[in-house]
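Inside the fold
Okay, here's what each chain looks like letter by letter:
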Amino acid sequence: LNASGTLDIVAWPDSLSFTASCTPDSAATDGLCEGVVGNAHCVAETPLTIPHDTSLEPNQLTAECWVKLPTYHGVEPTFQGWLLCKNGSESSRGNYGFRFKNDRLSAVLNNAGGWNQTQTIQQRQALSFEQWHHVALTFDGSLMRFYVDGNEQGSQAVPQPRQAGTGPLVVGQRSDGHGSLVRGC
């Protein structure tokens, strides 16, 4: 069983005191783990890849997921990685998903392809660790919205209609395989 913990040692002139704390890691192994309701999929070492399917490329979309980041996750001000990513990178036509950058989660959508077509809405506050959070990206054909735990983080007009991509949907890493692994359930 993988776990994270602490050991505090206090030395007194006539005694020695030890205090140990140990908690099982929520994302210790890849695969099924306890979710909000039923099972979830934990990413510990290998991202989850779902092959391309045309049903993942609607003209209007909602992408949503529950996420629980372990305390050892390492989301620092310089951390960058994808929680969920469809169709390559943020410059790819049809790309959408959730990206960590500078200790915040962002919703990303690129309907037309190219770096200058990337639409991004950044989260207002960092996610807390060891707690389930619901994140959602919606696109109704003209307006993109981003929600965290039911609270709208922002909205943005998107002038281009969606163009389908052909890449996989990947949980835990950018779908072209580049970037840091985002561990969690």
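So, here is what we can say about the structure in this document. (Residues numbered from 1 in each chain as written. Predicted model: local features only at pLDDT ≥ 70, side-chain atom pairs only at ≥ 80, totals over all residues. Heavy atoms only, no water.)

**Brief notes about the sheet that holds strand E9 (residues 104–110)**
Overall, antiparallel pairing links the six strands, which are arranged E5-E14-E7-E8-E9-E10 in an open sheet. Looking along the sheet, the strands with just one partner apiece sit at the ends: strand E5 (48–50) and strand E10 (119–122). Adjacent strand axes in the sheet meet at a mean angle of 25° when their direction is disregarded. With three bridges joining them, E5 and strand E14 (residues 169–171) adopt antiparallel strand pairing. When the bridges of E14 are listed, Leu48 appears paired with Val171. (Pairing = 2+ DSSP bridges. Helix = DSSP H or I, 4+ residues; strand = E, 2+ residues; numbered from the N terminus. Axes fitted to C-alpha atoms, helices over the stretch in contact; angles between N-to-C directions.)

**Quick look at the layout of surface pockets**
Volume-wise, the largest pocket comes out at about 340 Å³. Around the largest pocket, the lining is made up of 20 residues, and of these Ala40, His41, Cys65, Trp66 and Cys185 lie nearest the centre. Breaking the lining of the largest pocket down by element, the ones donating at least two residues are strand E4 (39–42), strand E6 (61–67) and strand E7 (80–86). Looking at side-chain class alone, the lining of the largest pocket contains 14 nonpolar, five polar and one charged residues. (1 Å grid on protein atoms, 1.4 Å probe; cavity = no way out; pocket = protein on both sides within 12 Å on 5 of 7 lines; lining within 4 Å. Points joined across faces, edges and corners; volume = space filled by probe spheres on them. Nonpolar A, V, L, I, M, F, W, Y, C, P; charged D, E, K, R; others polar.)

**Structural notes on the environment of Arg99**
Relative to the helices and strands, Arg99 is located in strand E8 (residues 95–101). Judged by its relative accessible area of 10%, Arg99 falls in the buried class. For the pair Arg99 and Arg174, spaced 75 residues apart in sequence, the C-alpha to C-alpha distance is 8.4 Å. Here Arg99 is in contact with Gly81, Trp82, Glu90, Arg104, Leu105, Ser106, Val108 and Thr120, once residues within four sequence places are set aside. Looking at Arg99, its side chain comes within polar contact range of the side chain of Glu90, at 3.0 Å. (Buried < 20%, exposed > 50% of the residue type's maximum accessible area, 1.4 Å probe, protein only. Contact = heavy atoms within 4.5 Å. Polar contact = N/O pair within 3.5 Å; in protein donor to acceptor, adjacent residues only side chain to side chain.)

**Considerations on the environment of Gly177**
The residue Gly177 is located in the segment after E14 in this model. Gly177 sits in the partly exposed class, given a relative accessible area of 43%. Put simply, Gly177 and Gly88 are 89 residues apart on the chain and 8.1 Å apart in space, counted from C-alpha to C-alpha.

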